[in-house]
Amino acid sequence: MGAVSSRLPVFPWDRLDPYKATAAAHPDGIVDLSVGTPVDPVPELIQRALTDAADSPGYPTVWGTAALRDALTGWVERRLGARDVTHANVLPVVGSKELVAWLPTQLGLTAGDKVAYPRLAYPTYEVGARLAGAEPVVYDDPWDLDPAGVKLLWLNSPSNPTGRVLTADELRRAVAWAREHGVLLFSDECYLELGWEADPVSVLHPEVCGGSYEGIVAVHSLSKRSNLAGYRAAFLAGDAAVLGELLQIRKHGGMMVAAPVQAATVAALGDTAHVAEQRERYARRRAALRAALERAGFRIEHSEASLYLWATRDEPCWDTVADLSERGILVAPGDFYGVAGERFVRVAFTATDERVAEAVRRLSA
């Protein structure tokens, strides 16, 4: 029973529990800036769509309703600038983390195959490789990789944890490299709507992919843009052949997005007002926290997009975590995302306005 779990690293967030307890003991309560979970209300129009579809006694389909696929293709064309997107180019998934964790297994990767991802990265890329028995490989620049054995290349722009945004030229070079070497490229673009000092570009934009989706797939999520982390609503867009194969596999596995969530996704993708409203909330919180951190002696690197500030005081990350926990502030240690982050912390600005203001007060004390 333990054979598979033994391949995996220790679940990183368990290591943060003692510091969370310290922060929670603060007389004015914890300010949790660690996980980055949305705390603001689900927009009313999305809630209505969910409840209106609540009487859904039958099984949903893995591919989703025609209305959902219309919503996905329409959004991909409008928001990402992609062209000629058909239903065959989209696939709903049960949250993006599920997809990342199980993609190498669903692609049939195994021992001897390699999964490449950024040196500083979301830990689930490594987990997905290990679950399949494949070899995880980190890179600084994907075009510097040795292509031998690499079957899957992950891009992540905007980056979690650093907020770095790849330029269209960098994306173009990665696509060219992957196609030259026959490597499947998946681009995690879940924070694309949250650019602050840069305008993130999708790998599906014709200036990047040349108008062809061959060998490339983009991953998108409604968790952050629409406060739907609890709904587990995400989707893929790109190479029809790859998505068609995943669709067949996921049919057998019963990996279906719940019917009310499908209806809620249609509503969410058809509205831009709630996205702009949420961006304004995050922009205020980001500005307040960044200024407070810098006044407290932190240096912020990258962070031009996403929901995080990548901060350092040029000390071991766990020293920073410990110090801030004594002030009742919980942040994520940078080494959760790779050894290259061992002197950084990731600070989420997803807490409420009141909690962000309290963090600012404590950092200024």
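Scroll up to find the structure.
Within each chain, residues carry numbers counting from 1 in the order of the written sequence. Two thresholds apply to this predicted model, a pLDDT of at least 70 for residue-level local features and 80 or more for giving and counting side-chain atom pairs, whereas whole-chain, interface and lining totals are computed over all residues. Based on all heavy atoms of the structure, the side-chain values leave hydrogens and waters out of the count.

Asks: Before we move on, could you go through unusual backbone geometry and cite the residues and values that matter?
Replies: Most of the time, phi is negative for any residue but glycine, and the peptide bond is trans. A cis amide bond, omega -5 degrees, links Ser157 with the succeeding residue Pro158. Helix and strand assignments follow DSSP, with helices taken as H or I runs no shorter than four residues and strands as E runs no shorter than two, numbered in order from the N terminus. Inspection of the secondary structure puts Pro158 in the loop between β5 (150–156) and α6 (168–181). Residues Asn160 and Pro161 are joined by a peptide bond in cis, for which omega reads 25 degrees. Even without being a glycine, Asn227 presents a positive backbone phi close to 60 degrees.

Asks: Describe the packing of aromatic side chains, with residues and values.
Replies: Aromatic rings from Phe, Tyr and Trp, taking only the six-membered ring of Trp, are treated as a pair when their centres fall within 6.5 Å; an angle between ring planes under 30 degrees marks them as stacked, one over 60 as edge-to-face, and anything in between as tilted. Applying the stated rule across the entire model yields 14 aromatic pairs. Here Tyr122 and Tyr125 contribute two aromatic rings whose centre-to-centre distance is 5.6 Å and whose plane-to-plane angle is 80 degrees, an arrangement assigned as edge-to-face. Throughout, exposure labels follow a simple rule: accessible area from a 1.4 Å probe, protein chains only, divided by the maximum for the residue type, with under 20% read as buried, over 50% as exposed, and the rest as partly exposed. Judged by its relative accessible area of 0%, Tyr125 is buried. One aromatic cluster is present, formed by Trp13, Tyr19, Trp310, Trp318, Phe336, Tyr337 and Phe344 through successive ring pairs. The aromatic ring of Trp63 is capped on one face by Arg69, whose charged end is 4.0 Å from the ring centroid. Placement of a charge over a ring requires the Lys NZ or Arg CZ to be within 6 Å of the ring centre, with the centre-to-atom vector within 35 degrees of the ring normal. Above the ring of Trp143, the side-chain terminus of Arg173 is found at 3.9 Å from the ring centroid.

Asks: Please provide a residue-by-residue account of the pattern of salt bridges, values included.
Replies: One side-chain nitrogen of Lys or Arg within 4 Å of one carboxyl oxygen of Asp or Glu is enough to make a salt bridge. Enumeration over the complete set of coordinates arrives at 25 salt bridges. A salt bridge links Arg290 to Glu294, with the shortest nitrogen-to-oxygen separation between them at 3.2 Å. Remark: Glu294 and Arg290 occur in helix α10 (residues 273–295); sequence separation between them is four residues, near one turn of the helix. Judged by its relative accessible area of 18%, Arg290 is buried. A salt bridge links Asp323 to Arg313; its shortest N-O distance comes to 3.2 Å. On the criterion of sequence distance, the pair formed by Asp323 in helix α11 (residues 317–326) and Arg313 in the loop between β10 (308–312) and α11 is long-range, its members being 10 residues apart. For Arg313, a relative accessible area of 23% corresponds to the partly exposed category. A cluster of three or more residues bridged by salt bridges with shared partners is formed by Asp28, Glu358, Arg361 and Arg362.

None of this, on its own, says anything about what the molecule does.
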